[in-house]
Structures are given as structure tokens and as C-alpha cells.
Amino acid sequence: ELRFGARAWERVDAHDNARDEVGRVQTLLRHHLERAYPLTLPDASDPPRVAFAGDPEAVVFLAPAPRAVSDGGNARIVLKAVSHGNQLALEMSAGPELAPSEGAFVRREILLGQLRHLSFQYFGPEGGRLSWHEQWRQHHSLPLLVRVSVEFPANDPRSWPDLVVAPQLTADAGCLYDPTLGTCRRRR
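Here we summarise the structure given alongside this text. (Residues numbered from 1 in each chain as written. Predicted model: local features only at pLDDT ≥ 70, side-chain atom pairs only at ≥ 80, totals over all residues. Heavy atoms only, no water.)

## Examining the overall build of the protein chain
For step 1, the next point in the chain: Across its full length, the protein chain carries one helix and eleven strands.
For step 2, the next point in the chain: Its helices and strands taken in sequence order, the protein chain reads α-β-β-β-β-β-β-β-β-β-β-β from the N to the C terminus.
For step 3, the next point in the chain: Every one of the 188 residues in the protein chain was classed for burial, and the buried ones make up 41%.
For step 4, the next point in the chain: Within the protein chain, counting contacts between residues at least 6 apart in sequence, those at least 24 apart form 52% of the total. (Helix = DSSP H or I, 4+ residues; strand = E, 2+ residues; numbered from the N terminus. Buried < 20%, exposed > 50% of the residue type's maximum accessible area, 1.4 Å probe, protein only. Contact = heavy atoms within 4.5 Å.)

Below, the structure written as C-alpha cells:
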């Protein structure tokens, strides 16, 4: 009877730890995605596009730099699915805003491992209507919402309610705003 009670307690403790792990990861993702910065890129696109690229397996954006990367300014954040054998993991990388490649990143870590499925989706206007999209690239604004979906293997005690985050910033503070278009013009 004592052994049964100890095993039951261990299962409850493992379930609580799994729930805490998921909660910590969701809080971290929400923190960074809410603070995504819509930097207007100085290229020839019209209207100009923002520094944000998302597809089902990864999202790359600018956000305030974590302390481990810099004492101020923005960092380039990459959230992506990486393979580990027959399972996936959620990896986060952070580096200087102008890092030439992910190899220059200061911080890289696995946030959540042993996943069966991980995907990102983006909600916003396209073709005159609002809908969910598998990709968000070459747009002149951030998506209105980003959804992070995770599935664990069948015997895993963890549970992931879909995380849906609304980026809070809608305009690049340094852009040249064009009131007739309602968007930023290219930087000079």
C-alpha cells in the first residue's frame, strides 16, 4: 500500500512538472512574439515590407534583445522545429539584429523536446480578407496573430493548448509614414 501511494505521488509530481514546463515555454514565446518589432526594410518593395518571415516550421522576427544577447536594442529571434531522430524539438536562437547568419547568434537553446508535431500559422489580411496562413513573408505588416501548435507523443503526460499571440506593435517608429497609403515608405 505504501509503494502504491509513492508511485501515485510520483505520477502527480511528473504531471505537475510537465505542466510547469509547458507553461514556462508558452510564457517565453508570448513574451517575444508580443514584442515583435515591425522594422521597415530598406529595399525596393512597394509598399515596403517588414522584417518578419514565417512558415509552418519556423518564424524569424525582431524583438527586444534578451539580456544574454545584448544590453539593449533589438535581436533577431528564430523559433523553429528541429529534428532529433524521429521526434522534433522547439529551438530558439537569438542574435544581434544585423547578424549576417544564424552562425553569428549568441544564444541557441532547445525550449521543448520530444515533440510529435510543431507548427506555426499566421492570421492577417490577404486578398482582401482575414484568414489563417501557412506562410507570412514579404508583407508590409506583421501578422495580426501567430499560432503555435504542438503535439506530444501519445504516452506523453504533457498537454499544449494552442498558443495564439497578437504582436503588439503595428508600426516602425523610424519609418516615414505615408498617410495616403496608410503604410510606411521606404527609408532613405
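Back to the write-up after that little detour.
## Considering the layout of surface pockets
Summary: where empty space remains is shown by rolling a probe the size of a single water molecule over the atoms.
For step 1, the next point in the chain: Space inside the second largest pocket adds up to approximately 230 Å³.
For step 2, the next point in the chain: For the lining of the second largest pocket, the elements supplying multiple residues, two or more each, are β1 (52-54) and β2 (58-64).
For step 3, the next point in the chain: No other element matches β2, which puts three residues into the lining of the second largest pocket. (1 Å grid on protein atoms, 1.4 Å probe; cavity = no way out; pocket = protein on both sides within 12 Å on 5 of 7 lines; lining within 4 Å. Points joined across faces, edges and corners; volume = space filled by probe spheres on them.)

## What about the sheet that holds β1?
Each strand in a sheet pairs with another by means of backbone hydrogen bonds, the pair being arranged parallel or else antiparallel.
For step 1, the next point in the chain: Strand order across the open sheet formed by five strands is β1-β2-β3-β4-β5, with antiparallel pairing between neighbours. The outermost strands of the open sheet, each flanked by one partner alone, are β1 and β5 (107-115). Ignoring which end each strand starts from, the neighbouring axes of this sheet average 20 degrees apart.
For step 2, the next point in the chain: Inspection of the sheet shows β2 paired to strand β3 (residues 74-84) by seven bridges, in the antiparallel sense. (Pairing = 2+ DSSP bridges. Axes fitted to C-alpha atoms, helices over the stretch in contact; angles between N-to-C directions.)

## Overview of the environment of V25
For step 1, the next point in the chain: With respect to the helices and strands, the residue V25 is situated in helix α1 (residues 2-34).
For step 2, the next point in the chain: Distance from V25 to L112, taken between C-alpha atoms, is 7.3 Å for residues 87 residues apart in sequence.

## Re the sheet that holds strand β6 (residues 117-126)
For step 1, the next point in the chain: If you trace the four strands from one edge of the open sheet to the other, you get β7-β6-β8-β9, paired in antiparallel fashion. Strands at the two margins of the open sheet, each flanked by one partner only, are β7 (129-133) and β9 (163-165). Across this sheet, the average inter-strand angle for adjacent strands is 15 degrees, counted without regard to direction.
For step 2, the next point in the chain: Where strand β8 (residues 145-151) and β9 come together, three bridges link them in antiparallel fashion. Bridging from a neighbouring strand, R147 pairs with V164 of β9.

## Some thoughts on the pattern of salt bridges
Side-chain pairing between opposite charges can occur once the charged atoms of the two side chains come close.
For step 1, the next point in the chain: If you walk through the whole model with that rule in mind, you get six salt bridges.
For step 2, the next point in the chain: Here R35 and E34 are joined by a salt bridge, their closest N and O atoms 3.8 Å apart.
For step 3, the next point in the chain: When the shortest N-O distance is used, the salt bridge between E91 and R108 registers 3.5 Å. Taken as a pair, E91 in strand β4 (residues 87-96) and R108 in strand β5 lie far apart in primary sequence, 17 residues in all.
For step 4, the next point in the chain: Overlapping salt bridges, with partners in common, bring together E21, D156 and R158 in one network. (Salt bridge = Lys/Arg side-chain N within 4 Å of Asp/Glu carboxyl O.)

## Quick notes on the environment of A154
For step 1, the next point in the chain: Looking at the element boundaries, A154 is found in the loop between β8 and β9.
For step 2, the next point in the chain: In this structure, the C-alpha to C-alpha distance between A154 and R116, residues 38 residues apart in sequence, is 8.7 Å.

## A closer look at unusual backbone geometry
For step 1, the next point in the chain: Of note, Q114 is a non-glycine position whose phi angle comes to about 55 degrees, a positive value.
For step 2, the next point in the chain: Among the secondary structure elements, Q114 is positioned in strand β5.
For step 3, the next point in the chain: Positive phi is not limited to glycine here, since Q138 has a value of about 60 degrees.
For step 4, the next point in the chain: A relative accessible area of 58% places Q138 in the exposed class.

## A word on the side chain of E91
For step 1, the next point in the chain: E91 sits in the buried class, given a relative accessible area of 10%.
For step 2, the next point in the chain: A distance of 3.5 Å separates the side chain of E91 from the side chain of R108, its partner in a polar contact.
For step 3, the next point in the chain: Beyond its immediate sequence surroundings of up to four residues, E91 is in contact with V78, L79, K80, V82, R108, E109 and I110. (Polar contact = N/O pair within 3.5 Å; in protein donor to acceptor, adjacent residues only side chain to side chain.)

## A closer look at the packing of aromatic side chains
Between two aromatic rings, the relevant description is the distance of the centres plus the angle of the planes.
For step 1, the next point in the chain: On inspection of all chains with the given rule, the structure shows three aromatic pairs.
For step 2, the next point in the chain: Seen from their ring centres, F52 and Y122 are 6.0 Å apart, and the 85 degrees between their planes marks the pair as edge-to-face. Remark: Y122 occurs in strand β6 and F52 occurs in strand β1; sequence separation between them is 70 residues. With respect to burial, F52 and Y122 carry one shared label: buried.
For step 3, the next point in the chain: Counting every residue linked through ring pairs, the aromatic cluster contains F52, F61 and Y122.
For step 4, the next point in the chain: Just above the ring of W132 sits the side chain of R147; from NZ or CZ to the centre is 3.9 Å. (Phe/Tyr/Trp six-rings, centres within 6.5 Å; stacked < 30°, edge-to-face > 60°. Lys NZ or Arg CZ within 6 Å of the ring centre and 35° of its normal.)

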